[in-house]
Amino acid sequence: MPDRSCSKLLRALLPLLAATGCDGCPSSRPYTPYTLGSATPAGSPPPLSGVAPGAADAGPEADAGDQDAAAPPRFAVVPSVPAPAGGKQWPLEGGAVVAAPTGRTFEAGLLLDADGDGARDLVAWARSPDGLRGELLFAPAARPQALRTLAALPGDLAAQGCAPRVGLSQIGPSALTFDFAPQCGDQQRAASAGATRWIAVLRLPGAGAPPELALELRLRTPPPEEALSASLEVVDRDADGRDDLVVSVGLAGALRPFSAPHPASKGAAAELRVPLVFLDRPAGLSRDAAQPGEALRGLAAALLRDARGKSTAPSVAAAAQRLRRLHAVLCADAAGGGGASAGRDAARAGEALVWTGVGPVRCGEPGLAEAIDHAEAVAASTRGAPLAAIAALDRGGAEPRAKEDARLLAKLAPPATAAAVYRTAAAPQPAGRGAFGPLAFEASGALLVRTAQGVVRVDPAASTESATDVPPWPAAVHAGPAQLVAVERRCDAPTLLALFRSAPDAVGEMEVPLPLLRAQGPRARAGAASPERCAGTEKLPFSPLAASERGFDIALGAALVSIDLRAAAPTSAALSFPLTTPAPQGAPRSPDGATLAVPAAGGLLVATAGGAARLWSGGDLAQATACAPANGGARVACVVGAAAVIFEAK
């Protein structure tokens, strides 16, 4: 299908991804989109904006090379006008008057020939006194008393405590748009997580027919740090002589704890945008299944190009998270997008936020998440961060899904076969999920085993085990008075969450968002529900790496995260390897802290600062838990059944 506006749409994304383009698209025509903003980050109420009649395309992209001398003139968007004083009556040409329905007042309207009979009719928004209910009405000039309801505001959209803002405009020769946007303060936003913007698109069939509702769009309010917007463009996309509709959905800002990119940084953009395309057919608007998939694939391809450049690779990780987030916000079939549960009545922040009136948007891009992961891994490898690259490739215990991923993983962490060299008679004390384990090497190479009776020292060279006076280290993970309790994946949160108690006897738990989106992080168990089919709350396996008055360092697979509890609002951030914190006993670290052994990418990842990482597998490692490496990483001890087993790589 001809796509004469593809390059225009994607060019808006160039500040984020310098290489993004639309190779192969036919020459584009400039257009004037009608923009429907959303609440801006930090809760600032946005303007309900449009393009003034006759407004020219501003910006550097409106250069002479974009002009098409043969193209018809652009349609000048016509905004509505306020209702006459009182809003109870609206005069038409010729002296006729339209009366508002009982219990309603007119707020805004358009006078135009909507039915093609040559006389100007009225299309107006009539609202209830509280502004939270209302209808779009049509009064034909020939019969002004024959009011017809074109569309009624859905009753489930009323957001108590939020003030509505409305806009009505003609955006094309045969298209009108109505926008109902709840404007909520910070407290109302928190209490009205399901507050939804409703956009109705009306067609003007002409030939004596009244206007008709062609499309509904719903944009749920995103978390306060983000802003969701939509720009509507009327253009003949498929060259059939009928005006089609392009809805460009944009996402700006960044979830906590992610940092929004600086506008001046290379590869950054204030907003990511991709199009939804609706083709005008005799039976109505029909969505073009090619979009937004093509645009999303183009953005992922641009990420990969940036990932291979030394100067652009550092910005890829943040850009990848923002692209994942846009995918999840827009596409119900995306990982983290909410799957089948996202729809008309969805009110959970972790689900897709866009609904088209016939259901959630399904983008049909099952490989997009993997393409983004691959680009992030390549970028981490380019900048010399192998563990970050492995974390991007990690599928939560599954093998990499693409040959390119497998090759990259083998380069970053060559496979090694583990062989058991010693099995203890001493039985390690069981440790719960996320606790410090019962095993710790000493600098001498001896292994300490915490048992129910005390600490036993194992000398594998002499095959001896003896009791010691070493005090047993605690299993619980404490940072001052705070105890790390769990890491969770929830359907009502777009990121993974770390839970902690401020004191052992504290009632309730506090949570800290982690720099991993809901679809990221390891699966809790084999066969667990896929992230796009979120079901309830899932507690995730994690490994505590360090704990101090400052906070916690943890590993979720190969993803390393630091949680800082010193501020009034605790924060978290990605952690670089090697770690600088001391290694506590029972952590999956060597005594000198330079070697790490964590389950990742279907095996046990053993990495040493200044040395090569290796992916161990085989033997009893598939059943092993609570692993701890020796200095240098030549040996790793793990709990297998009721014993501790020391492994070496062959």
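Residues numbered from 1 in each chain as written. Predicted model: local features only at pLDDT ≥ 70, side-chain atom pairs only at ≥ 80, totals over all residues. Heavy atoms only, no water.

Counting its secondary structure elements, the chain contains seven helices and 38 strands. Buried positions account for 53% of the 650 residues belonging to the chain. A separation of at least 24 residues holds for 57% of the contacts in the chain among residues at least 6 apart in sequence. As presented, the chain carries roughly 26,400 Å² of accessible surface, and 55% of it is formed by carbon and sulfur atoms. (Helix = DSSP H or I, 4+ residues; strand = E, 2+ residues; numbered from the N terminus. Buried < 20%, exposed > 50% of the residue type's maximum accessible area, 1.4 Å probe, protein only. Contact = heavy atoms within 4.5 Å. Areas by Shrake-Rupley, 256 points an atom, 1.4 Å probe, with all protein chains shown as cover.)

The subject of this paragraph is the state of the cysteines. Applying the stated criterion to the full structure yields two disulfides. Through a disulfide, cysteine 331 is tied to cysteine 363; the S-S separation comes to 1.9 Å. Between cysteine 331 and cysteine 363, the disulfide has an S-S torsion of -80 degrees and is therefore left-handed. Taken as a pair, cysteine 331 in the loop between α4 (316-330) and β18 (354-355) and cysteine 363 in the loop between β18 and α5 (368-382) lie far apart in primary sequence, 32 residues in all. Residue cysteine 363 is classed as buried on the basis of its relative accessible area of 3%. Here cysteine 627 pairs with cysteine 638 through a disulfide, and the sulfurs are 2.1 Å apart. Around the S-S axis, the bridge from cysteine 627 to cysteine 638 shows a dihedral of about 110 degrees and counts as right-handed. On the criterion of sequence distance, the pair formed by cysteine 627 in strand β36 (residues 625-629) and cysteine 638 in strand β37 (residues 635-640) is long-range, its members being 11 residues apart. When sorted by exposure, cysteine 627 lands in the same class as cysteine 638, which is buried. (Disulfide = S-S within 2.5 Å.)

Throughout the structure, instances matching the rule amount to one cavity of 30 Å³ or more. Lining the largest cavity, in full, are Glu226, Leu251, Ala252, Gly253, Ala254, Leu255, Phe258, Leu272, Gln321, Arg322, Arg325 and Leu517. Every element with two or more residues in the lining of the largest cavity is listed here: β15 (244-253) and α4. (1 Å grid on protein atoms, 1.4 Å probe; cavity = no way out; pocket = protein on both sides within 12 Å on 5 of 7 lines; lining within 4 Å. Points joined across faces, edges and corners; volume = space filled by probe spheres on them.)

The subject of this paragraph is the pairing of β36. Taken residue by residue, a regular strand's side chains alternate between the two faces of the sheet. Relative to β37, β36 is paired through three bridges, and the arrangement is antiparallel. Pairing of proline 629 across the sheet is with valine 636, part of β37. Remark: five residues form the turn of the hairpin made by β36 and β37, two consecutive strands paired antiparallel; glycine 632 in that turn has positive phi of roughly 85 degrees. (Pairing = 2+ DSSP bridges.)

Okay, the packing of aromatic side chains next. Within this structure, the stated rule accounts for four aromatic pairs. Through a chain of ring-to-ring contacts, the aromatic side chains of Trp125, Phe178, Phe180 and Trp198 assemble into a single cluster. (Phe/Tyr/Trp six-rings, centres within 6.5 Å; stacked < 30°, edge-to-face > 60°.)

So, about the sheet that holds strand β22 (residues 455-459). If you walk across this open sheet you meet the four strands as β20-β21-β22-β23, and the pairing is antiparallel. Looking at which strands have only one partner, the edges of the open sheet turn out to be β20 (439-441) and β23 (464-467). Each neighbouring strand pair of the sheet contributes to a mean axis angle of 25 degrees, computed without reference to strand direction. Pairing analysis gives four bridges linking strand β21 (residues 447-450) to β22, with the strands arranged antiparallel. Pairing of leucine 447 across the sheet is with valine 458, part of β22. (Axes fitted to C-alpha atoms, helices over the stretch in contact; angles between N-to-C directions.)

Where α5 meets helix α6 (residues 386-393), the closest approach of the two axes is 7 Å, and the angle between their N-to-C directions is 170 degrees. For the element pair α5 / α6, the angle class is roughly antiparallel. On α6, the residues touching Asp373, Glu376, Ala377, Ala380 and Ser381 of α5 are Ala388, Ala389, Ala392 and Leu393. Counted by class, the contact of α5 with α6 contains six nonpolar, one polar and two charged residues. (Parallel < 35°, antiparallel > 145°, perpendicular 65-115°, else oblique. Nonpolar A, V, L, I, M, F, W, Y, C, P; charged D, E, K, R; others polar.)

Pairing within the open sheet is antiparallel, and its four strands lie in the order β29-β30-β31-β32. Each end of this open sheet is capped by a strand with a single partner; those strands are β29 (543-547) and β32 (571-574). Looking at each pair of strands side by side, their axes are set apart by 25 degrees on average, direction ignored. Sheet analysis places strand β31 (residues 559-564) next to β32, joined by four bridges and oriented antiparallel. Of the residues in β32, the one forming a bridge with serine 562 is alanine 573.

This part covers unusual backbone geometry. With omega at 10 degrees, the peptide bond leading from glutamine 291 into proline 292 counts as cis. Note on placement: proline 292 falls in the loop between β17 (284-287) and α3 (293-307). In this structure, proline 578 follows phenylalanine 577 across a cis peptide bond, with omega equal to 10 degrees. Along the chain, the position of proline 578 falls in the loop between β32 and β33 (595-600). Even without being a glycine, alanine 239 presents a positive backbone phi close to 55 degrees. Counting through the fold element by element, alanine 239 comes out in the loop between β14 (226-235) and β15. Of note, serine 463 is a non-glycine position whose phi angle comes to about 55 degrees, a positive value. Here serine 463 shows up in the loop between β22 and β23.

Right, let's talk about the pattern of salt bridges for a bit. Tallied over the entire structure, the rule returns 26 salt bridges. Between arginine 501 and glutamate 509 there is a salt bridge, with the nearest N and O atoms lying 3.4 Å from each other. Residues participating in the shared-partner salt-bridge network are Arg203, Glu212, Arg242 and Asp280. (Salt bridge = Lys/Arg side-chain N within 4 Å of Asp/Glu carboxyl O.)

Here we take up the environment of threonine 571. Take threonine 571: it is sitting in strand β32. With 56 residues separating them in the primary sequence, threonine 571 and proline 515 have C-alpha atoms 9.6 Å apart. If near-sequence neighbours (up to four positions away) are discounted, threonine 571 is found in contact with Val512, Ser562, Ile563 and Asp564.

To continue, consider the packing of α4 against α5. Where α4 meets α5, the axes come as close as 9 Å, and the angle between the chain directions of the two elements is 170 degrees. Comparing the axis directions of α4 and α5 gives the class roughly antiparallel. Taking contact as the criterion, the partners of Val316, Ala317, Ala320, Leu323, Arg324 and His327 in α4 are, on α5, Leu368, Ile372, Asp373, Ala375, Glu376 and Ala379. Of the residues belonging to the contact of α4 with α5, the class tally is eight nonpolar, one polar and three charged.

Turning our attention to α4. The terminal C-alpha atoms of α4 lie 21 Å apart, and with 15 residues this matches the ideal 21 Å at 1.5 Å per residue to within 8%. Summarising burial for α4: 13 of the 15 residues are buried, a large majority. (Expected span 1.5 Å × (residues − 1).)

Low-confidence regions, as indicated by low pLDDT, have predicted coordinates that should not be scrutinised in detail. Looking at the chain as a whole, its pLDDT mean stands at 82, while 79% of the residues score no less than 70. Low pLDDT, under 50, characterises residues 1-69; the predicted model gives this stretch 160 contacts beyond four residues in sequence or across chains. (pLDDT = per-residue confidence, 0-100.)

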